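Breakdown of the fold
Spelled out, the chains give:
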Amino acid sequence: MMSRNSCSKGLVRDCMKRNLWAIVLSTVGFFMAQLLPVIMTAQHSLSAHKQDLANLSAADAAASWQGYVESVGEMLGGQNVFVKLAVIILAVTCGVSMFAYLHNRRKVDFYHSLPISRSRLFAVNYATGALCALVPYLVLHALSIVSACAMGFGEVVNASLIGVIASNVIFFFLLYAMAAVMTILCGNTVITLLLGLWVYFGPTLVTALWQGLKNMFFQTYVMDASMASLLFCNKFAPLIQYFGVNGTKMYNWAVEPVYTMDYSAGLQEPSAIGLLIGYAVAAIVITALALFLFRIRKSERAGTALAFNPIKLPVKIIICVVMGTAFAEIFKMLVYESELWFWVGLVLGTVIFHCVVEIIYAFDFRAIFRKPLQLVIILAVLCAGLLTMQSDVFGYDKWLPDEGSIAAAAPMGYVGESALLSEPENIAAARQLAALGVESLNNTDENAQKECITVTFKLKNGKVKSRSYELPGTDEVFTLKKQIYQSAEYKQKAWSLFALGEVNEGYHRNIVFYTNGDGYNGVGTLSDSQKAQEIIDTLKAETLTHTGDAMPVLRMEFSQQNNDDYYSEGAVCVTDKDVKTLALIKKYANIVPKAVSAKNVKSVALSIYLPDKDCWQGVQVTDKADIDALLKNAISIDVMNLYGSNAMAYGIMQRFNSCSVSVPCKAENGDEWDINVGYIEEDYPKDIIEKYRAQAEKDAENGVESAQDGDVAYTTEVAVG
């Protein structure tokens, strides 16, 4: 009889010899994923840089060299997707293979008859799998660093690589431990792999289905995330979350849903240290769970679907509920959003997967009709839950936060915290808009004018909640929105004007100017950064001094550029009240506002909404006096980009959206274009527009055609002078 120590001595070494294939696979995998891409990228960069030195100036060649350095750094760092794929494949492969003997009765009898405790046997197998994968990774990563330095890219080697290595090791151990647990839970390798697909990808599927159900049943639901956030934000799907981690940083598209008008926010990468610590702890806990399950697992369970009978029912319930819901949503989408087919898909999906799971459990097709009572109960509970959502029993749509519990709010979709408004009057206005939205939920008047608005609240407990409402087009709604959008706090937090930072070294700032009367082409450019900054500072000071309606007369687009690069910084309007700013623009750029001209306009198209008929009807205006009245103080909506909150900030009368004015324009050089115009409240030509409403109603009665496009209709013939 061998002693405990002599039996244990060299077990890991012997086990690694038996699994030499894993070492070879890991070495080849990380050579292809880590070392080879670094060498290839470095060699290509050196060749390209040699050409740059011959063809470009020294400054330009130096700038392009930095791009080559970044490319090598990506291959060596956390942006190397090939390494992530290799880590995932090896974690799953080693985790399953090290414990796959549990699925073979003869191997189980042999290994469990050895004079070694279960705990020690687990430790040997677990350590072997980890060493077979991680030792080649660490060696090849070190060789990649040496190669990068030897080829002249030593500047990419910094402390951040420690975070990259730590991140890869943590994700390996987490995915490896999960694979080990699944292998121990199952008695068949094929079932292990199927369960692995479910465990690794199920959380993302559940998130998508949950969002789909809320979008289907709740009137005020706002999609929780963009597709990227949906894929990469679920903490219970580490395999997918892995691709959103860049060493100790998170990609900015892989964090909680973000929409912000702070243009610098998108450049920041949040820290992933908290996530990595959580996953490291999870790896330890799951490893402990694997050890516990390994010790209590009965040897005779080899060859069965699941080695532990108590988990059979919970697993079946989860699969039936999720896949039944998936079938329901798919059927509804396929059959033109049919609610009937939603319920047909729900029943069909639940029944099919209940039968499939029973067949897998029993390895017998005759088990398809087993346990019908469980199927009925699962279906009943699932249908009851969905009916509860459909009836909004828990008041999702009617939810309103107490004003005292709100830390910040904004009448817009997902925003960064920097864009939320915290002044009491803005919070009160945003909550009142939400209250009006709740009141209008049961408004069934199809002819009533409505507008959609999303209100976001950040509560004092840290939670962020958004609701989307269809608000009535009333004076109260307009006044509340106007109060928010014209407030100094909103301008400072939302306008790109206030997000402009310093000019980057080697760059200069450009301002391109547009006017109402010059169409879509810029009328001039100012490239002097110092003069541009003076205009920006002056406009910042002026725009905060007035909160009433103002007529946009110029549009400025900001950008930074050098000889090789260019990026946009956003845009803002200059109004007739910004007198000092207009004077500076004239002084430095020799540009003055130009109004929409009626000189060459022979006909204007009015599109008037007719509530009684619920349609838009186009009417041609040819009377010269009426054309002059329509174009007096008109603002080019498209050129000034006055949509949504932009328009409300200047008091553009979107509440008069029962009519759209389309104007064909012609420049002196013969260029022609169409513009849509708007007006501030005091300049809205209500009398002229109402004058033609009777004609629109008559044309609608007589069946006169007018092309329709969403909320705007244009007549089929437009006369251009």
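Residues numbered from 1 in each chain as written. Predicted model: local features only at pLDDT ≥ 70, side-chain atom pairs only at ≥ 80, totals over all residues. Heavy atoms only, no water.

Brief notes about the sheet that holds strand S8 (residues 552-561)
Pairing within the open sheet is antiparallel, and its four strands lie in the order S7-S6-S8-S9. In this open sheet, the two strands that pair with only one neighbour each are strand S7 (524-526) and strand S9 (566-575). With direction set aside, neighbouring strand axes in the sheet form an average angle of 25 degrees. In the packing of helix H19 (residues 529-543) onto the sheet, contacts are made with strand S6 (508-515), S7, S8 and S9, and the angle to S6 comes to roughly 60 degrees. (Pairing = 2+ DSSP bridges. Helix = DSSP H or I, 4+ residues; strand = E, 2+ residues; numbered from the N terminus. Axes fitted to C-alpha atoms, helices over the stretch in contact; angles between N-to-C directions. Contact = heavy atoms within 4.5 Å.)

Side note on the nonpolar core
Among the nonpolar cores identified, the biggest contains 71 residues, and Phe30, Phe99, Phe172, Tyr176, Ile184 and Phe294 are the most heavily contacted of them. With 13 residues, helix H8 (residues 160-185) is the largest single contributor of residues to this core. Excluding anything up to four places from it in sequence, Phe30 contacts Leu35, Val83, Ala86, Val87, Leu90, Ala133, Pro136, Tyr137 and Leu140. (Core = buried A, V, L, I, M, F, W, Y, C linked by side-chain atoms within 4.5 Å. Buried < 20%, exposed > 50% of the residue type's maximum accessible area, 1.4 Å probe, protein only.)

Regarding the confidence of the model for the protein
Overall, the predicted model of the protein reaches an average pLDDT of 86, with 89% of residues at or above 70. The model gives residues 258-267 a pLDDT under 50, and that stretch makes 21 contacts with residues more than four places away or in other chains. The low-confidence segment residues 707-721 (pLDDT under 50) makes 30 contacts with residues lying over four places distant or belonging to another chain. (pLDDT = per-residue confidence, 0-100.)

Topic: the sheet that holds strand S4 (residues 450-459)
Pairing between the strands of a sheet comes from backbone hydrogen bonds, and it takes one of two forms, parallel or antiparallel. The three strands are arranged S3-S4-S5 in an open sheet whose pairing can be described as antiparallel. At either end of the open sheet lies a strand with only one pairing partner, and these are strand S3 (406-410) and strand S5 (464-472). Along the sheet, successive strands turn relative to each other by an average axial angle of 25 degrees, direction set aside. As paired elements, S3 and S4 share four bridges and run antiparallel to each other. Looking at the pairing, Ala409 lines up with Phe457 of S4.

Overview of the state of the cysteines
As enumerated under the stated definition, the model contains zero disulfides in all. The structure places no disulfide on Cys15, whose sulfur is separated from the nearest cysteine sulfur, that of Cys132, by 7.3 Å. (Disulfide = S-S within 2.5 Å.)

Concerning the pairing of S5
Relative to S5, S4 is paired through nine bridges, and the arrangement is antiparallel. Bridge pairing in S5 links Phe457 to Lys465. The hairpin turn running from S4 into S5, its antiparallel successor, is four residues long, and Gly462 in that turn takes a positive phi close to 100 degrees.

Quick word on the environment of Ser160
Positionally, Ser160 belongs in helix H8. Remark: the alpha-carbon pair of Ser160 and Gly77, spanning 83 residues in sequence, is separated by 8.0 Å. Within the local environment of Ser160, its side chain forms a polar contact with the side chain of Asn158, the two groups lying 2.3 Å apart. (Polar contact = N/O pair within 3.5 Å; in protein donor to acceptor, adjacent residues only side chain to side chain.)

Regarding the pattern of salt bridges
Within the structure shown, the criterion is met by 11 salt bridges. Lys482 is the partner of Asp549 in a salt bridge, and the nearest nitrogen-oxygen pair spans 2.6 Å. Placement of the pair is Asp549 in the loop between H19 and S8 and Lys482 in helix H17 (residues 475-485), with a sequence separation of 67 residues. Between Glu557 and Arg555 there is a salt bridge; the shortest N-O distance is 3.6 Å. The class of Glu557 is partly exposed, set by a relative accessible area of 28%. Within the structure, one salt-bridge network assembled from shared partners comprises Lys482, Asp549 and Glu681. (Salt bridge = Lys/Arg side-chain N within 4 Å of Asp/Glu carboxyl O.)

Topic: helix H25 (residues 693-701)
Within the span of H25, buried status applies to Arg693, Ala696, Asp699 and Ala700. Buried residues of H25 fall within an arc of 120 degrees about the axis and therefore sit on the same side. Exposed residues pointing more than 90 degrees away from the buried face of H25 are listed as Ala694, Lys698 and Glu701. After H25 finishes, the residue Gly703 shows a positive phi value of roughly 75 degrees. (Arc of directions from axis to C-beta.)

Thoughts on empty space enclosed by the protein
A full pass over the atoms with the stated rule returns one cavity of 30 Å³ or more. Here the largest cavity defines a volume of roughly 50 Å³. Lining the largest cavity, in full, are Gln486, Lys491, Trp495, Thr543, His546, Thr547, Gly548, Ala550, Thr575, Ala649 and Tyr650. Grouping the constituent residues of the lining of the largest cavity by class yields four nonpolar, six polar and one charged. (1 Å grid on protein atoms, 1.4 Å probe; cavity = no way out; pocket = protein on both sides within 12 Å on 5 of 7 lines; lining within 4 Å. Points joined across faces, edges and corners; volume = space filled by probe spheres on them. Nonpolar A, V, L, I, M, F, W, Y, C, P; charged D, E, K, R; others polar.)

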